[in-house]
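# Observations on the model geometry
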Amino acid sequence: ALENLNESIEYAYIGYKLNERFTLIAGKQDVFYGGFEYDENPLLIYEYSDMNEYSLCYLTGIGLGYQPNESQEIRLQVTNSRMGSMEDEYGRLPEGFKKPRVPLFYTLNWNGNFLDELIHLRYSVSAAEQAQGKYMYSVFTGQSIEAGPVYAYFDVMYSRGKLDPLGLLTELTQPEVSGEEEPEPPVRMQNIDYLSLVGEIQYRFHPKWQLFAKGMYESASIYKAYDAYEKGKYRTAWGYQGGLEFYPMADDNLHIFLTAIGKKYNLSERAKALDASLDDTARLSIGFIYRLPLY
């Protein structure tokens, strides 16, 4: 393993403010992705998009931040590209794929706000060497607006890699095994790209009450044919979320929620030819989330 840290440990880093403009952090940290779903407090996310659910989020490395003024920030980060071995990350590797000498993940991030913080932007580009001479790339963009009781954002995220970056298409090729026999992991698919569009709007119509609605469109494709796999789209997902939240206390540590969440999948004929199948999901939930004020 590259890190020897439990996956439940998300942050273990030291930060140092070099001067008024530059900040340096070193250790296990969140990847400097763009987008606002990724940047939201995880306690406030009832279900992530596939892109943010399956992307690596916490890796060990160094990050340098530069803030030329109060409304702009540029950050550069270099981390490990995975937490363990290639087999841990990708399962069975295709023939001819070798371990990279320096498995690093590079991210450049820009955050800005405009019109007296009415509009916020969070953009990033990333690159990583998955195997020797084989790379993955991603672009995350997020746009948000906050005007009085209304907050809304729209994220566009794209990722492509010589090895399946998220593993979702590879999962479709997992053979079914009866009994207690452990299934052999499928060979990691190649030449895969993912596109995610995520939008959410929140309306705080009363200091203690909030309505929200969220929609997602996501697709997974092979961008270059190889072996028996044709070029084209294989998997499409439509997600919807909506609900009502009640904040009974003076702060937002506690909120009670009623939500409806669902996802509808569409597999192309190419995917069905692989005997792939996915079930639509839907659920209605009521509950509460409380952040303990320990310090």
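The notes below deal with the structure included here.

Rules of the game
Residues numbered from 1 in each chain as written. Predicted model: local features only at pLDDT ≥ 70, side-chain atom pairs only at ≥ 80, totals over all residues. Heavy atoms only, no water. Phe/Tyr/Trp six-rings, centres within 6.5 Å; stacked < 30°, edge-to-face > 60°. Lys NZ or Arg CZ within 6 Å of the ring centre and 35° of its normal. Helix = DSSP H or I, 4+ residues; strand = E, 2+ residues; numbered from the N terminus. Buried < 20%, exposed > 50% of the residue type's maximum accessible area, 1.4 Å probe, protein only. Polar contact = N/O pair within 3.5 Å; in protein donor to acceptor, adjacent residues only side chain to side chain. Core = buried A, V, L, I, M, F, W, Y, C linked by side-chain atoms within 4.5 Å. Contact = heavy atoms within 4.5 Å. Patch = residues over 30% accessible without salt bridge, like charges linked within 9 Å, V, L, I, M, F, W, Y side chains within 5 Å. Areas by Shrake-Rupley, 256 points an atom, 1.4 Å probe, with all protein chains shown as cover. Salt bridge = Lys/Arg side-chain N within 4 Å of Asp/Glu carboxyl O. Pairing = 2+ DSSP bridges. Lys, Arg positive; Asp, Glu negative; His and termini not counted. Charge placed at Lys NZ, Arg CZ, Asp CG, Glu CD.

### Considerations on the packing of aromatic side chains
- As enumerated under the stated definition, the model contains 17 aromatic pairs in all.
- Among the aromatic residues, those joined into a ring-pair cluster are Y33, Y38, F105 and F140.
- Taking NZ or CZ as reference, R160 lies 3.8 Å from the ring centre of Y223, over its face.
- Across from the ring centre of Y247, 4.2 Å away, lies the NZ or CZ of R204, which sits over that ring.

### Digging into the side chain of Q72
- One can find Q72 in strand β4 (residues 72-80).
- You can call Q72 buried: its relative accessible area is 16%.
- In terms of polar contacts, Q72 uses its side chain to reach the side chain of W110, at 2.8 Å.

### Some remarks on the nonpolar core
- Residues L169, Y194 and I222 are the most contacted members of the largest nonpolar core, which totals 31 residues.
- With near-sequence residues (within four places) excluded, Y194 lies in contact with M51, M157, Y158, S159, D164, P165, L166, G167, L168, L169, S219 and A220.

### Some words on the environment of H255
- On the secondary structure map, H255 appears in strand β12 (residues 254-267).
- Measuring from C-alpha to C-alpha, the distance between H255 and E245 comes to 6.4 Å, with 10 residues separating the pair along the chain.
- Apart from residues no more than four positions distant in its own chain, H255 is found in contact with L43, L44, Y46, E245, F246, Y247, P248, G287, F288 and I289.

### Structural notes on a nonpolar patch on the surface
- A contiguous nonpolar patch, built from Y16, L18, F22, L24, I62, L64, Y66, I74, L76, L108, V125 and V139 and spanning about 1,000 Å² of accessible area, is present on the exposed surface.
- Contributions of two or more residues to the nonpolar patch are made by β2 (22-30), β3 (58-69) and β4.
- It is β3 that contributes the most residues to the nonpolar patch, 3 residues altogether.
- Its location among the elements puts Y16 in strand β1 (residues 12-17).
- Of the residues examined, Y16 reaches a relative accessible area of 54% and is grouped as exposed.

### With respect to the pairing of strand β8 (residues 150-163)
- Note that strand β7 (residues 134-147) and β8 share 12 bridges and pair antiparallel. Of the residues in β8, the one forming a bridge with A147 is V150.
- Linking β7 back to β8 in an antiparallel pair, the connection comprises 2 residues, with G148 at a positive phi of about 65°.
- As paired strands, β8 and strand β9 (residues 190-206) are joined by 13 bridges and run antiparallel to one another. Bridged to L163 within β9 is Q190.

### What to know about a negative patch on the surface
- Together, E70, D116, E117 and E146 line one region of the surface with negative charge.
- Tracing the chain through its elements places E70 in the loop between β3 and β4.

### A few points about the pattern of salt bridges
- Per the counting criterion, the structure on display carries 10 salt bridges.
- We note a salt bridge from R283 to E47, for which the minimum N-O separation is 2.9 Å. You can see R283 sitting in strand β13 (residues 281-290) and its partner E47 sitting in the loop between α1 (36-39) and α2 (50-54), a full 236 residues away along the chain.
- Of the residues examined, R283 reaches a relative accessible area of 38% and is grouped as partly exposed.
- Connected through salt bridges with shared partners, the residues D50, E218, R235 and K263 form a single ionic network.

### Details of the environment of R160
- Along the chain, R160 turns up in strand β8.
- Given a relative accessible area of 29%, R160 falls into the partly exposed group.
- When the C-alpha atoms of R160 and L195 are compared, they prove to be 8.9 Å apart, with 35 residues separating the residues in sequence.
- In this structure the side chain of R160 is engaged in a polar contact, spanning 3.0 Å, whose partner is the side chain of Y158.

### Let's talk about the environment of E10
- Its location among the elements puts E10 in the segment before β1.
- Here E10 falls in the partly exposed class, since its relative accessible area comes to 36%.
- C-alpha separation for the pair E10 and K28, spaced 18 residues apart in sequence, amounts to 6.8 Å.

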